[in-house]
Amino acid sequence: MIRNILASAIILAASTTAFADMKTDIDNGATAADLITAAVASCGGSNSCQELALQEMLAAGVDINTVAAAAVDAGMSVTTIVNAAIAADATPSAAITAATGAAVKAGQSVDAVMAEAQSIPGVPANVAIAAAGKGAVQGGASQDSVDTLVTAALTQSTNENPTAGGNDQQQDDQQQDDQQQGIPTSDVPAGTEPDSISSAG
């Protein structure tokens, strides 16, 4: 059963007590949807409060895709989900892929989620675009249509602002992380080197 003190603990701080309550609730059978519904009801529309609730769930061991799906169903934005996941030590690529995948699966347009992903502070534009494309495919969008949108977005971003959303060091760190995971980068325009958007692998 979800504790009444959970929401107030989340609102007050990311404390050990809040983590313990969340973990216990999950162990006792509470679902991601249960916990997020309770958090949304108690947060009163506060994005920071909602982000903290998602962080607690991820810290308690709930899968990022499960959290993202429940959060989208509860009306949370892609930005809120991504910020929470990054704060919980997910890579920007993984966070955006999960959030956009859940959003597209729930019926949001690929254009909309891709635009929102690009607006998230601190994430290199090429990483955001490619991860959003990958998420869109996982969410059920056509690979061919997503490829077209991603290529166009990458070209436009490179022409307008090659370092939009992040800096060279962030991009280097993300690319190194992608290489360690075996994610290919050969199918995108030279110079952008984002994650693969393919749903395979």
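In the block above lies the structure referred to throughout.
Please read these numbers as outputs of a predicted model, since none were measured by experiment.

Conventions we followed
Residues numbered from 1 in each chain as written. Predicted model: local features only at pLDDT ≥ 70, side-chain atom pairs only at ≥ 80, totals over all residues. Heavy atoms only, no water. Helix = DSSP H or I, 4+ residues; strand = E, 2+ residues; numbered from the N terminus. Buried < 20%, exposed > 50% of the residue type's maximum accessible area, 1.4 Å probe, protein only. Contact = heavy atoms within 4.5 Å. Areas by Shrake-Rupley, 256 points an atom, 1.4 Å probe, with all protein chains shown as cover. Disulfide = S-S within 2.5 Å.

**Digging into the overall build of the protein chain**
Then step 1. The secondary structure content of the protein chain amounts to 11 helices and 0 strands.
Then step 2. The linear arrangement of helices and strands in the protein chain, starting from the amino end, is α-α-α-α-α-α-α-α-α-α-α.
Then step 3. When each of the 201 residues of the protein chain is scored for burial, the buried share is 44%.
Then step 4. Pairs at least 24 residues apart make up 69% of the contacts formed inside the protein chain by residues separated by at least 6 positions.
Then step 5. Carbon and sulfur atoms make up 50% of the accessible area of the protein chain, which amounts to about 9400 Å² in all.

**Regarding the state of the cysteines**
Then step 1. A full pass over the atoms with the stated rule returns 1 disulfide.
Then step 2. Covalently, Cys43 is tied to Cys49 through a disulfide, its sulfur atoms 1.9 Å apart. Taking the torsion about the sulfur-sulfur bond, which here is approximately -65°, the covalent link between Cys43 and Cys49 counts as left-handed. Take Cys43 and Cys49: they sit in the same class, and that class is buried.

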